[in-house]
Amino acid sequence: MQRIRMRYTKRGRLRFTSHRDFQRAFERALRRAGVPMAYSAGFTPHPKVSYANAAPTGTASEAEYLEIALAARRDPGELRAALDASLPAGLDIVDVVEARTADFAERLRASVWELRLDGVEPEAAAKAVGMFLAAESVEVRRQTKRGTRVFDARSAVVALDAVAAPRNRGGSGPDGPVSHPCAILRLVVRHLTPAVRPDDVLSGLRATADLAPPVPAAVTRLAQGPLDESGTVTDPFAPDRDAAEAALTRAAGQQAAAAPGITG
């Protein structure tokens, strides 16, 4: 059995697809692309697909991850191209590696987010960020299926800063240059329990600095993966790439050792 790990995106209007919607679209793409999937045992076999830490509905993402198990080996690059062509534009397979290491989900320890606050002056956003970061703790409330939950949003935040969106006299839509005040927050947050989401940080900014955007924030996950000592989120596929390179090096060495010697 071959295991393949993939990074995919949710862009544009497809940010509003739910995780279940994506699952259905991906399983259709597997059938269209003729992928030789491995299936679970039991009365209702289903393709072996594992999803890791999916972004909330309504959130765009450049870094969603899944793993599939194949019943026959396939070239990862060819598999990526076939599946990407079978998915709608906006749900894009952008990176693929063969799984050569264990505990992939445990590597997804932090995320990098971008929060676009239309109608908010960058100076006001920067002041609110300073007040949030200066607080020892910031309690927020979230409504869950089990009732209201209270937790500290500050403890999970590794980095948070505010910048101005690029200006354009004519404006060019919700994700491009603008002609009105617009602040962009860059956020690095650890994956803790309970999970702290971007909307929890916005609730914290409202509680500590009375920052309340006039329209809902446009949120995009830019990356997720291991968190190094400098606070940078790194590539979770790196151990698989390193293992693949090491395997190629070993195979080349074994071939060289097995080759007959040249005598004069």
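Overview of the structure.

What counts, and at which threshold
Residues numbered from 1 in each chain as written. Predicted model: local features only at pLDDT ≥ 70, side-chain atom pairs only at ≥ 80, totals over all residues. Heavy atoms only, no water. Salt bridge = Lys/Arg side-chain N within 4 Å of Asp/Glu carboxyl O. Buried < 20%, exposed > 50% of the residue type's maximum accessible area, 1.4 Å probe, protein only. Helix = DSSP H or I, 4+ residues; strand = E, 2+ residues; numbered from the N terminus. Polar contact = N/O pair within 3.5 Å; in protein donor to acceptor, adjacent residues only side chain to side chain. Contact = heavy atoms within 4.5 Å. Axes fitted to C-alpha atoms, helices over the stretch in contact; angles between N-to-C directions. Parallel < 35°, antiparallel > 145°, perpendicular 65-115°, else oblique. Nonpolar A, V, L, I, M, F, W, Y, C, P; charged D, E, K, R; others polar. Phe/Tyr/Trp six-rings, centres within 6.5 Å; stacked < 30°, edge-to-face > 60°. Core = buried A, V, L, I, M, F, W, Y, C linked by side-chain atoms within 4.5 Å.

Focus on the pattern of salt bridges
So, point 1. The final tally for this structure, using the stated rule, is 17 salt bridges.
So, point 2. Arg 241 is the salt-bridge partner of Asp 235, the closest N and O atoms lying 3.2 Å from each other.
So, point 3. Under the relative-accessibility criterion, Asp 235 is labelled partly exposed at 31%.
So, point 4. A relative accessible area of 32% places Arg 241 in the partly exposed class.
So, point 5. Residues participating in the shared-partner salt-bridge network are Arg 3, Arg 5, Glu 67, Arg 107 and Asp 240.

Considerations on the side chain of Ser 86
So, point 1. Relative to the elements of secondary structure, Ser 86 occurs in helix H2 (residues 76-86).
So, point 2. A polar contact of 3.0 Å, which involves the side chain of Ser 86, links it to the backbone oxygen of Ala 82.
So, point 3. Excluding its chain neighbours within four sequence positions, the residues that come into contact with Ser 86 are Ala 29, Arg 32 and Ala 33.

Details of the packing of helix H3 (residues 122-134) against helix H4 (residues 198-209)
So, point 1. Contact geometry of H3 with H4 gives a least axis separation of 9 Å together with a crossing angle of 95 degrees. Relative to H4, H3 is oriented roughly perpendicular. Across the interface between the two elements, Ala 128, Val 129, Met 131 and Phe 132 of H3 pack against Val 201, Gly 204, Leu 205, Thr 208 and Ala 209 of H4.
So, point 2. For the contact of H3 with H4, the class distribution of residues is seven nonpolar, two polar and no charged.

Topic: the packing of aromatic side chains
So, point 1. Across all of its chains, the model carries six aromatic pairs by this definition.
So, point 2. An angle of 5 degrees between the planes, with centres 4.1 Å apart, marks the rings of Tyr 8 and Phe 22 as stacked. In this pair, Tyr 8 is assigned in strand S1 (residues 2-10) and Phe 22 in helix H1 (residues 19-32), connecting sequence segments 14 residues apart. Like Tyr 8, the residue Phe 22 is buried in the burial classification.

Concerning the nonpolar core
One recurring pattern in soluble globular proteins: nonpolar side chains tend to sit buried together.
So, point 1. In terms of nonpolar packing, the biggest core is built from 26 residues, with Leu 115, Leu 160, Leu 185, Leu 187, Val 201 and Leu 205 touching the most fellow members.
So, point 2. Mapped onto this core, the elements with two or more residues apiece are strand S5 (110-118), H3, strand S8 (157-164), strand S9 (182-190) and H4.
So, point 3. Beyond its immediate stretch of four places on either side in the chain, Val 201 contacts Phe 132, Val 157, Leu 160, Leu 187 and Val 196.
So, point 4. Core analysis: the second largest hydrophobic core is formed by 20 residues, Met 37, Leu 79, Leu 87 and Leu 91 among them.

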